[in-house]
Every structure is written in C-alpha cells, then in structure tokens.
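Structural overview
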Amino acid sequence: MPSLETEQEHAPAQRRSKITPERAQELYTAVLDMLRESGYESLTMEGVASRSRCGKSTLYRQWGSKPELVVAALHGTRRGTLRTIDTGTLAGDLLEAARAIGEGSGRDTPLMLALSHAALHNQELLCALRESLILPEMAAIDALVRRGVERGEVAADNPATEFVSAQLLGVMRARPMLQGAHADETFLVRFVEGAVLPALGLGAPASGS
C-alpha cells in the first residue's frame, strides 16, 4: 500500500489542470518580463501568480517548480524568425538577420543577462537556455552561411564561415557590458558590413538590402 507521502508526490501530475494556449502565453510573458526586470533569483512562483492573476496552486500543478516554469516559458515563446530569411544572397541574408536580431535586442539581451549567471549553477536551466534561445539562432545563421557556400558565394574552406553565428550572437550579448548599449539594428548592420562580410570576402549588396 503506497504511503500518503508517495501519493502526494505523484498527485500533481495526475490532476494537472488544463490551461489554454492563450492563457499559457500570458503566463510565459509574465515569467519572461519578470526575469528581465529582476533576474532569476528574484523570480518566485508567488510573484508570477500575482502578476498573472493565476492561483499559485495552479502553477505548481501545471509546472511543478520555478525551473520547470522558466523552461516552459523559454520553449513556449520561441519565435524562429531567422529561419524564414531568404533574400537570394548571403550578404543580404546576413544583413536581414542583423536587422531581425537587432530589432529584438532590447527584449532578448536583458533576458539572456538575467539567466546567464543562474544557468551556470543550474544545469537544467542552462540546457533550456541553450536549446530554446541559443542553439536555434545559431543553427539558423549557420544555415544561411551554408546556403551561401552551396551557391558558390563563399569558398567552402573559408575559415570565417565557422564563426559567423558566434560573431552575431556574441556581439549582441557583449555590447551592453562593453559599451553600455544594446546591439540594436543600426549597430548590427554596421557590424555585419564592417566585420562579418569582409571576413567572408563579401561586400554589402549595392541595393542595401
């Protein structure tokens, strides 16, 4: 006969309440907004419940813990906009990627900074951060570069191709610390034109696209 403690341990998963996709997005937005504002350590299930006007017991039944809720919020708000870029040239694609990344830098950079320190001490959070935010963006940029190589725009053995995604995403994370400003669209376009394209042996498109 199972103990009362064992029954309580498994009960949340068995009576997990249904939350509509729209309501889940509201909760995810509240979680990410609070992370940007105050950081991971200050985030609490009670605070999320208050901000989103949701019962704390509902949050625990649905997600179980703060790390699980943050992981769900990261997964549930993935945008994947870089994967849709296709201007016909690698230079055009990278400039479009710079614009897309720069457009969201004011929103994404604070989130990354809020999570980075905590992730170093929490393997589950680190994996979620990489899988939900970092690796998809790197894969999308790498795909743009690979497509440019296949079109013959860049030599396959050009050593710079390996580092394009790290350059674009790295400078976005680093600029707030180095210069006290977000890597916005204007900055990232200049960065691609001045650093990334020359390393690939490319010039900016004459049309500026």
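As the structure is a prediction and not an experimental result, all values here were calculated from the model. (Residues numbered from 1 in each chain as written. Predicted model: local features only at pLDDT ≥ 70, side-chain atom pairs only at ≥ 80, totals over all residues. Heavy atoms only, no water.)

Structural notes on the packing of aromatic side chains
Evaluation of the coordinates by the stated rule reveals two aromatic pairs. Pairing Phe187 with Phe191 gives two aromatic rings, centres 6.4 Å apart and planes at 15°, and the pair type is stacked. Residue Phe187 and its partner Phe191 are located together in helix α10 (residues 185–200), separated by four residues, close to a single helical turn. With respect to class, Phe187 is no different from Phe191; both count as buried. A cation sits over an aromatic face here: Lys66 above Tyr40, 4.2 Å from the ring centre. Across the ring face of Phe187, the terminal group of Arg175 is positioned such that the distance to the ring centre comes to 3.9 Å. (Phe/Tyr/Trp six-rings, centres within 6.5 Å; stacked < 30°, edge-to-face > 60°. Helix = DSSP H or I, 4+ residues; strand = E, 2+ residues; numbered from the N terminus. Buried < 20%, exposed > 50% of the residue type's maximum accessible area, 1.4 Å probe, protein only. Lys NZ or Arg CZ within 6 Å of the ring centre and 35° of its normal.)

Thoughts on the side chain of Asp93
Mapped onto the elements of the fold, Asp93 is located in helix α6 (residues 90–103). In contact with Asp93, not counting residues within four places along its chain, are Ile85, Asp86, Thr87, Gly88, Leu144, Arg147 and Arg151. (Contact = heavy atoms within 4.5 Å.)

Some points on a nonpolar patch on the surface
On the surface, a cluster of nonpolar side chains totalling about 380 Å² of accessible area is made up of Leu113, Met177 and Leu178. By the secondary structure assignment, Leu113 is in helix α7 (residues 105–119). (Patch = residues over 30% accessible without salt bridge, like charges linked within 9 Å, V, L, I, M, F, W, Y side chains within 5 Å. Areas by Shrake-Rupley, 256 points an atom, 1.4 Å probe, with all protein chains shown as cover. Salt bridge = Lys/Arg side-chain N within 4 Å of Asp/Glu carboxyl O.)

Remarks on the packing of α6 against helix α8 (residues 123–150)
At a minimum axis separation of 9 Å, α6 and α8 run at an interaxial angle of 170°. As judged from the angle between their axes, α6 and α8 are roughly antiparallel. For the element pair α6 and α8, the recorded crossing hand is right-handed. On the side of α6, the interface is formed by Leu90, Asp93, Leu94, Ala97 and Ile101, while α8 contributes Ile141, Leu144, Val145, Arg147 and Gly148. Looking at the contact of α6 with α8 residue by residue, the class counts come to seven nonpolar, one polar and two charged. (Axes fitted to C-alpha atoms, helices over the stretch in contact; angles between N-to-C directions. Parallel < 35°, antiparallel > 145°, perpendicular 65-115°, else oblique. Left-handed = near helix turned anticlockwise from the far one by under 90°. Nonpolar A, V, L, I, M, F, W, Y, C, P; charged D, E, K, R; others polar.)

A closer look at helix α2 (residues 21–38)
Over its 18 residues, α2 runs 26 Å from end to end, which matches the ideal 26 Å to within 8%, given 1.5 Å per residue. Taken together, the buried positions of α2 are Ala24, Leu27, Tyr28, Ala30, Val31, Leu32, Met34 and Leu35. Just beyond α2, the residue with positive phi is Gly39, at close to 90°. (Expected span 1.5 Å × (residues − 1).)

Some thoughts on the environment of Arg53
Position of Arg53 relative to the elements: it lies in the loop between α3 (45–52) and α4 (56–63). Taking the C-alpha atoms as reference points, Arg53 and Leu27, 26 residues apart in sequence, are found 9.1 Å from one another.

Comments concerning the packing of α2 against α3
It is the contact of α2 with α3, at a shortest axis distance of 10 Å, that shows an interaxial angle of 120°. When the interaxial angle is binned, α2 and α3 end up oblique. Seen along the crossing, α2 lies across α3 with a hand that is right-handed. Facing Arg23, Leu27, Ala30, Val31, Asp33, Met34 and Glu37 of α2, the residues of α3 in contact are Gly47, Val48, Arg51 and Ser52. Grouping the constituent residues of the contact of α2 with α3 by class yields five nonpolar, two polar and four charged.

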